[in-house]
Each structure stands twice: as C-alpha cells, then as structure tokens.
Amino acid sequence: MEDLLQSGFQYACALAHNHHDAEDLVQIAWLKTYKRYGNNITKALFFTTIRNLYIDQYRRAKRIQFIELKSENEHFSDSGNTDREHAIVAIDQMLGRLRDIEREALFLHIVEGYSTEEIAAITGRPRGTVLSLIHRSKKKLAALDAAK
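What counts and how
Residues numbered from 1 in each chain as written. Predicted model: local features only at pLDDT ≥ 70, side-chain atom pairs only at ≥ 80, totals over all residues. Heavy atoms only, no water. Phe/Tyr/Trp six-rings, centres within 6.5 Å; stacked < 30°, edge-to-face > 60°. Helix = DSSP H or I, 4+ residues; strand = E, 2+ residues; numbered from the N terminus. Buried < 20%, exposed > 50% of the residue type's maximum accessible area, 1.4 Å probe, protein only. Contact = heavy atoms within 4.5 Å. Arc of directions from axis to C-beta. Polar contact = N/O pair within 3.5 Å; in protein donor to acceptor, adjacent residues only side chain to side chain.

## Comments concerning the packing of aromatic side chains
No. 1: Enumeration according to the criterion identifies five aromatic pairs in this entry.
No. 2: With centroids separated by 6.2 Å and ring planes inclined at 20°, the aromatic side chains of W30 and Y34 adopt a geometry described as stacked. Of this pair, W30 and Y34 both sit in helix α2 (residues 19-37), four residues apart, roughly one helical turn.
No. 3: Residue class for W30 comes out buried when judged on its relative accessible area of 17%.
No. 4: For Y34, a relative accessible area of 42% corresponds to the partly exposed category.
No. 5: A centroid spacing of 5.6 Å and a plane angle of 85° characterise the contact between W30 and F46, whose relative ring orientation is edge-to-face. Here the residue W30 occupies a position in helix α2, and F46 occupies one in helix α3 (residues 43-63), the gap between them amounting to 16 residues. There is no split in this pair, since W30 and F46 are both buried.
No. 6: Of the aromatic side chains, those joined through ring pairs into one cluster are Y11, F47, F107 and Y114.

If you want it as structure tokens, here you go:
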C-alpha cells in the first residue's frame, strides 16, 4: 500500500507540478477509491482516479482566473544552495515548460516504466499520440538543456 501511495504521489507531482497540490490529489483519490473499492485498489485504478481529479481541478481553475504573484523569469535565491539543489531547480523549471499531457506521458514512460500501449490504455489516447508526446517532450527538454 505504501508503494502505491508513493507511486501515486510521484504521478500526481508529474501532473500538477506542485508538491502541495499533488498531496491533495493523492489524499482525495485514495479516499474515493478506498470508499468505493475497499482494499482492491490497483495501480491503474488509482492513477486513473488521480488523473480524473487533476482534470476536474484544471477545468475548475480555468473558470476562475487567479493572478500569479511571481514572474516566470524570477529565480530562486542562491543563498546556501548546493549543486544538487541547483540541478533539481533547473530540472523542475524545464519540466514546468512542458504541457501537462507531455509531463504525464514522460513520467509514466520513464519513471513508472509503462510501455506506450499501457500509457495509451491509462490515458485513453491512441498509441501514436503517446509516442509523439514522449518524443516531443524529450526533444523539448534537450533543446532547453542545450539553451542553458
């Protein structure tokens, strides 16, 4: 169960790109799936629930426009950060430039190790679309890394 929650949290982070939102997604998804299925929760079911909750929240947020307080070009403070922390921040910023569906496909493929057929089944997209998303994501990340 703990592995399932950890995988779900990583998946939610890939979707939401925000630690706190990911925690909320996992908690709500777990409560919903546990209430409905008890202890018979599979990884695919849990991921699908997280994904559907994320989509619902995204649609709701589009109806209500919030004003962002930080600019895109604002950098983090350099005080006391190690090279590893700088690398994590750089990766996080690069992933932030990908579209949600690109981050999702890349996460499921690289981190979770799903095949393109499995990702297509989870996300409800054609296999060719999944292949394109993964390819474009890698290409964008390579271009961003080269531009640094």
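## What about the side chain of R125?
No. 1: For R125, the location among the structural elements is in the loop between α6 (116-123) and α7 (127-147).
No. 2: For R125, a relative accessible area of 19% puts it in the buried group.
No. 3: In this structure, R125 is in contact with R51, I101, E104, A120, V130 and L133, ignoring residues within four places of it in sequence.

## Here we look at α6
No. 1: Looking only at α6, the buried set comprises T116, I119, A120, I122 and T123. Projected down its long axis, α6 shows its buried positions confined to an angular sector of 165°, all on one face.
No. 2: Following α6 by one or two positions, G124 adopts a phi angle in the positive range, close to 75°.

## Looking at unusual backbone geometry
The general pattern is negative phi for most residues beyond glycine and trans for most peptide bonds.
No. 1: Of note in this structure, H17 is not a glycine but carries a positive phi near 60°.
No. 2: Tracing the backbone through its elements, the reader meets H17 in the loop between α1 (2-16) and α2.

## As for the side chain of R51
No. 1: Of note, R51 is situated in helix α3.
No. 2: Classification of R51 by relative accessible area gives buried; the value is 12%.
No. 3: For R51, the side chain forms a polar contact with the side chain of E104, separated by 2.8 Å.
No. 4: Residue contacts for R51: discarding those within four places in its chain leaves Y11, L15, E104, T123 and R125.

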